[in-house]
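So you can see what is in the structure, the chains are spelled out below.
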Amino acid sequence: MSVNHYENFPVGSLILPRRLRRPIHAIYAYARTADDISDEGDASDEQRLQGLSQLRAELDTIAGGGQASTPMMQRLQQQALTPYQMPMQPFYDLLSAFEQDVVKKRYQTFGELVDYSRRSANPVGRMMLHLYGEHDSRSLAQSDGICTALQLINFWQDVAVDWQKGRVYLPQEDLAKFGVTEEQIAEGKADFAFQRLMAYQCNKAHNMLKAGSPLAKKLPGRLGFELRLIILGGQRILHKLEENRYDVFNKRPKLNAKDWWLMLKRAVLKK
C-alpha cells in the first residue's frame, strides 16, 4: 500500500500471514482516509465533519445489511467486515475520535486523553485480535494498554507538529503543574521545566507499554512477532526522546536502519 505518511510502526507488513494482508490493508485504508479527512489539507471544520459524516452513513448502511457505495468502503466490507464477521463498534469509535479531533484542540486532564485514545487507537488493536480469533478479556485489556501507550508516544514525539495544527495534547493540568506555558511550546523552548513535563508523560506511556507487553509473548507465530516489533518501536522512540532531552522542536525522533536491526533481533529472541 502506498502511503504518503511517515509511519514509525509497521502496518500490515509482510511478516503477517498472506490471508490477513487484504483485510488489514482494507482496514488501514479506512482508518487512514478518515484520519486524513479530519487532519490534512485546508478544508474547513464543517467540510471535515461532513466528510466524516459520509463515512458514518456508509457504516450505517453496512450495519443495516446494505451494500457500501464507495470503492473504499466496498473494499472494507468485502475484504474485512463480511468475511471475518467483524464487529462494527471499533469502526464507529475511530470516527468518533476523528470527529473529536476536528472540534477539540485542548485536553484538560490525562483522563480525557486516555478516553480519546480508547477510541482513536484501541480499536485498531481489537480489530487485529479479532482477525486472529483472540477474544479473551485479558488479551483485550493488554492490547488496549499497548495501543493507548503508542498513541501517547505519537503525541509526545509530535508536540511541535501538533502545535502547527493548533492542537495541544499535553494535558492542561500537567502544563500548569510543571510550569510550562503554551507560549514556550510556540517558541520551541525545551527548557528544564518542559523536559520534566515530557519525562513525566513518557514514563506513563512506558508503564502502559510494559503492562501490555506480555501479550506479545503470549500470542503465537507471526502476530506475536509483529506485536513485539511494534512494542519495541515504541520503546525505541521513548529512548530517543530521552536521549535528545525531549527537544522535539529541533529533532523529531524517527526509527533508522540500526533501530530496525536491533528491534528485529530482540523480537526474534523475545526480549
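Residues numbered from 1 in each chain as written. Predicted model: local features only at pLDDT ≥ 70, side-chain atom pairs only at ≥ 80, totals over all residues. Heavy atoms only, no water.

(A) Spatial organisation of the side chain of Asp 247. Mapped onto the elements of the fold, Asp 247 is located in the loop between helix 13 (221-243) and helix 14 (257-269). Buried and without a salt bridge, Asp 247 has Arg 245 as its closest oppositely charged side chain, separated by 8.5 Å. In this structure the side chain of Asp 247 is engaged in a polar contact, spanning 2.8 Å, whose partner is the side chain of Asn 250. (Helix = DSSP H or I, 4+ residues; strand = E, 2+ residues; numbered from the N terminus. Buried < 20%, exposed > 50% of the residue type's maximum accessible area, 1.4 Å probe, protein only. Lys, Arg positive; Asp, Glu negative; His and termini not counted. Salt bridge = Lys/Arg side-chain N within 4 Å of Asp/Glu carboxyl O. Polar contact = N/O pair within 3.5 Å; in protein donor to acceptor, adjacent residues only side chain to side chain.)

(B) A look at the nonpolar core. Core analysis: the biggest nonpolar cluster contains 80 residues, and Tyr 30, Met 73, Leu 76, Phe 91, Trp 156 and Leu 170 have the highest contact counts within it. Sort the elements by how many residues they give to this core and helix 13 lands first, with 10 residues. When near neighbours in sequence (up to four residues on either side) are disregarded, Phe 91 contacts Ile 27, Tyr 30, Leu 59, Leu 76, Leu 81, Met 86 and Met 127. (Core = buried A, V, L, I, M, F, W, Y, C linked by side-chain atoms within 4.5 Å. Contact = heavy atoms within 4.5 Å.)

(C) The pattern of salt bridges, seen in detail. This structure, assessed with the given rule, holds 15 salt bridges. Measuring nitrogen to oxygen at the nearest pair gives 3.5 Å for the salt bridge that ties Asp 36 to Arg 32. Linking Asp 36 with Arg 32, this pair stays in helix 1 (residues 18-39), spanning 4 residues, or about one helical turn. Here Arg 32 falls in the buried class, since its relative accessible area comes to 18%. Notably, a salt bridge pairs Asp 136 with Lys 218, separated by 3.2 Å at the nearest N-O pair. Here Asp 136, found in the loop between helix 6 (122-131) and helix 7 (137-157), pairs with Lys 218, found in helix 12 (residues 214-218); they are 82 residues apart in sequence, far enough to count as distant.

(D) Structural view of the side chain of Gln 184. Assignment of secondary structure puts Gln 184 in helix 10 (residues 182-187). The exposure class of Gln 184 is buried, given its relative accessible area of 9%. In contact with Gln 184, not counting residues within four places along its chain, are Gly 179, Lys 189 and Asp 191.

(E) Local environment of helix 13. A rise of 1.5 Å per residue sets the reference length of helix 13, with its 23 residues, at 33 Å; its end C-alpha atoms lie 33 Å apart and thus fit the reference within 8%. Arg 245, located one to two residues past helix 13, shows a positive phi value of around 55°. (Expected span 1.5 Å × (residues − 1).)

(F) Main features of the environment of Pro 90. Note that Pro 90 resides in helix 4 (residues 89-103). Expressed as a C-alpha distance, the spacing of Pro 90 and Pro 123, which sit 33 residues apart in the sequence, is 4.7 Å. The contacts of Pro 90, once residues within four sequence positions are left out, are Pro 123 and Met 127.

(G) Representation of helix 2 (residues 45-63). The terminal C-alpha atoms of helix 2 lie 27 Å apart, and with 19 residues this matches the ideal 27 Å at 1.5 Å per residue to within 8%. Listed as buried for helix 2 are Arg 48, Gly 51, Leu 52, Leu 55, Glu 58, Leu 59 and Ile 62. Down the axis of helix 2, the smallest arc covering the buried residues is 100°, so these residues share one side. Structurally, helix 2 contributes buried residues whose contacts are with helix 1, helix 3 (71-81) and helix 4. At the C-terminal side of helix 2, Gly 65 shows a positive phi close to 95°. (Arc of directions from axis to C-beta.)

(H) Highlighting unusual backbone geometry. Phi at Gln 85 is positive, roughly 45°, even though this residue is not glycine. Secondary-structure assignment places Gln 85 in the loop between helix 3 and helix 4. Residues other than glycine seldom take positive phi values, yet Arg 245 does so here, at roughly 55°. Along the chain, Arg 245 turns up in the loop between helix 13 and helix 14. The exposure class of Arg 245 is exposed, given its relative accessible area of 54%.

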